[in-house]
Amino acid sequence: MQLKITQETPPAGFERLLFVEEPDSGLQAFICVHSTVLGPAAGGCRMWKYGSLDQARTDVLRLASGMTSKNAMAGLGLGGGKSVIVGDAKTDKSEALFRAFGQAVESLKGTYYTAEDVGISPEDMAMVAAETDYAVGLECGQHGSGDPSPFTAEGVFQCLKVGAENVFATSDFTGRRVLVQGLGHVGMSLAEKLHEAGAQLIVADINEAALKRAAKDLGAEVCAVDAVFDAQMDIFAPCALGGVLTEESAARLKAKLVCGAANNQLATPGVAETLRARDIRYLPDYVVNAGGIISVASEIHKTGEDYRDDRLNLLAGRIREILDLSDQSGKTTTRVADELVAKIIADARSLQKGAA
Ligand code: NAD
């Protein structure tokens, strides 16, 4: 193994950026530690066929700073970080590649914990864990937390109830038209919860089998993927890709409430203003989709189900606080959430300075 780790100079506001290469396995990866002010950085590893190393670097920076916000709002005592492996998750995986990546994670000596993200399975993470104590989201072991998706779905569902109460003056979903975009690990689980709660589901996915299952088992109406923003709905739950809410789609959206699992739903920050101007309530993605990292945090901190469930329950309270502050101030929910994150980090910094 010829592991080469290059320390790159990160942009202002970021703590560390590593470029990792191992020619025998073909590994090319970035690991970014955005902030350790609140604790060791934690955030998943994504495997993606990036068009260039620059694209991968841009993605890891964006995702790592998003994890700082997510972990801060969920009260996990963790900072933000992320890693990306450049490659095709269908064809480029090998034990040697994941072990080399594990050694790179180990070199950070616990300032960064990695876990599964898009393109990475618990089996892959087990190979990473053969080389480092700082790989989590494992299926086995005393504190192994396994697939985080059911907890992400539960957190989104709890937040949806608070959002519905705010917008429709009731958290009763009976007959409420909810469009779930993306019926993957999180979206299908969320659709099941909404169905049980009496919602009328509309579903969109590129996966025919998932659509058939939702139609048959959940009585869902199928919507073409390119007709989502023309569909009549009360609630939009984006659970597929990031960047789905652009100025154009936000201007067409029929929903009164947006709450879903996808990361980075707003293509640009200004979309939050467009939604607010149209009286559409947007629940910030990094707050509502924290259930997965909460589950992973229970493994990092070696705590049990009570820790996980308590923090999952706190998410709804956070959303209530954000909606109340937004109602009082007229600020968008994203601005309110970003200001809360900045305060949590500033408070922690001044406590640390006081203690030094
Ligand atoms: P997944 O890959 O299991 O599911 C994604 C689904 O979206 C798939 O069914 C896919 O076919 C579908 N899809 C792809 N393109 C689409 C399109 N154009 N229109 C409609 N559907 C499309 O992913 P997941 O784990 O369910 O995660 C969903 C989203 O939530 C992702 O953005 C992910 O980053 C985010 N997220 C997931 C977790 C988690 O615990 N899994 C945690 C936080 C955030």
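Please read these numbers as outputs of a predicted model, since none were measured by experiment.

## Observations regarding the pattern of salt bridges
Between side chains of opposite charge, pairing is possible as soon as their charged atoms come close.
Now for step 1: In the structure shown here, the tally under the stated rule is 24 salt bridges.
Now for step 2: Note that Arg62 and Asp59 form a salt bridge whose closest N and O atoms lie 2.4 Å from each other. Separated by three residues within a single helix, Arg62 and Asp59 lie in helix H1 (residues 53-73), roughly one turn from each other.
Now for step 3: The salt bridge involving Lys193 is made with Glu154; its shortest N-O contact spans 2.7 Å. Here Glu154 lies in helix H4 (residues 149-168) and Lys193 lies in helix H5 (residues 185-196), a separation of 39 residues in the sequence.
Now for step 4: The exposure class assigned to Glu154 is partly exposed, which follows from its relative accessible area of 24%.

## Thoughts on the nonpolar core
Now for step 1: Formed by 90 residues in total, the largest nonpolar core has its most connected members in Val180 and Leu194.
Now for step 2: Ranked by the residues each element gives to this core, the list is headed by H4, at nine residues.
Now for step 3: Built from parts of two domains, this core gets at least three residues from each of domain 1 (4-68 + 78-129) and domain 2 (149-290 + 317-341).
Now for step 4: Beyond its immediate stretch of four places on either side in the chain, Leu194 contacts Phe157, Leu160, Phe173, Val178, Val180, Ala199 and Leu201.
Now for step 5: Formed by 21 residues, the second largest nonpolar core is a distinct cluster that contains Leu179, Ala272, Leu275 and Tyr282.

## Quick word on unusual backbone geometry
Now for step 1: Backbone geometry places Ala169, a non-glycine residue, at a positive phi of 65°.
Now for step 2: Counting through the fold element by element, Ala169 comes out in the loop between H4 and strand S8 (177-181).
Now for step 3: Given a relative accessible area of 63%, Ala169 falls into the exposed group.
Now for step 4: Even without a glycine there, the phi angle at Lys302 is positive, about 55°.
Now for step 5: Locating Lys302 in the fold gives a position in the loop between helix H10 (291-300) and helix H11 (305-329).

## Examining the site of the ligand
Now for step 1: Taken together, 23 residues are adjacent to the ligand, and Thr152, His185, Val186, Asp205 and Ala240 come closest.
Now for step 2: Backbone polar atom of Val186 to an oxygen atom of the ligand: 2.9 Å apart, as the coordinates give it.
Now for step 3: The backbone of Ala261 places a nitrogen or oxygen atom 3.2 Å from an oxygen atom of the ligand.
Now for step 4: In the complex, the protein chains occlude 77% of the 830 Å² of accessible area that the ligand would expose alone.
Now for step 5: The set of elements that each furnish at least two residues to the shell around the ligand consists of H4 and H5.

## A few points about the sheet that holds strand S12 (residues 257-258)
Now for step 1: On the basis of which strands lie adjacent, the open sheet formed by six strands has the order S10-S9-S8-S11-S12-S13 and parallel pairing. Strands at the two margins of the open sheet, each flanked by one partner only, are strand S10 (221-222) and strand S13 (281-282).
Now for step 2: Where S8 and strand S9 (residues 200-204) come together, five bridges link them in parallel fashion. Of the residues in S9, the one forming a bridge with Arg177 is Gln200.
Now for step 3: Contacts from H5 reach S8, S9 and strand S11 (235-238) within the one sheet, and its direction differs from that of S8 by about 165°.
Now for step 4: Running over the sheet, helix H6 (residues 208-218) touches S9 and S10 and is turned about 170° from S9.

What counts and what doesn't
Residues numbered from 1 in each chain as written. Predicted model: local features only at pLDDT ≥ 70, side-chain atom pairs only at ≥ 80, totals over all residues. Heavy atoms only, no water. Salt bridge = Lys/Arg side-chain N within 4 Å of Asp/Glu carboxyl O. Helix = DSSP H or I, 4+ residues; strand = E, 2+ residues; numbered from the N terminus. Buried < 20%, exposed > 50% of the residue type's maximum accessible area, 1.4 Å probe, protein only. Core = buried A, V, L, I, M, F, W, Y, C linked by side-chain atoms within 4.5 Å. Domains from an automatic or database assignment. Contact = heavy atoms within 4.5 Å. Near = heavy atom within 4 Å. Polar contact = N/O pair within 3.5 Å; in protein donor to acceptor, adjacent residues only side chain to side chain. Areas by Shrake-Rupley, 256 points an atom, 1.4 Å probe, with all protein chains shown as cover. Pairing = 2+ DSSP bridges. Axes fitted to C-alpha atoms, helices over the stretch in contact; angles between N-to-C directions.

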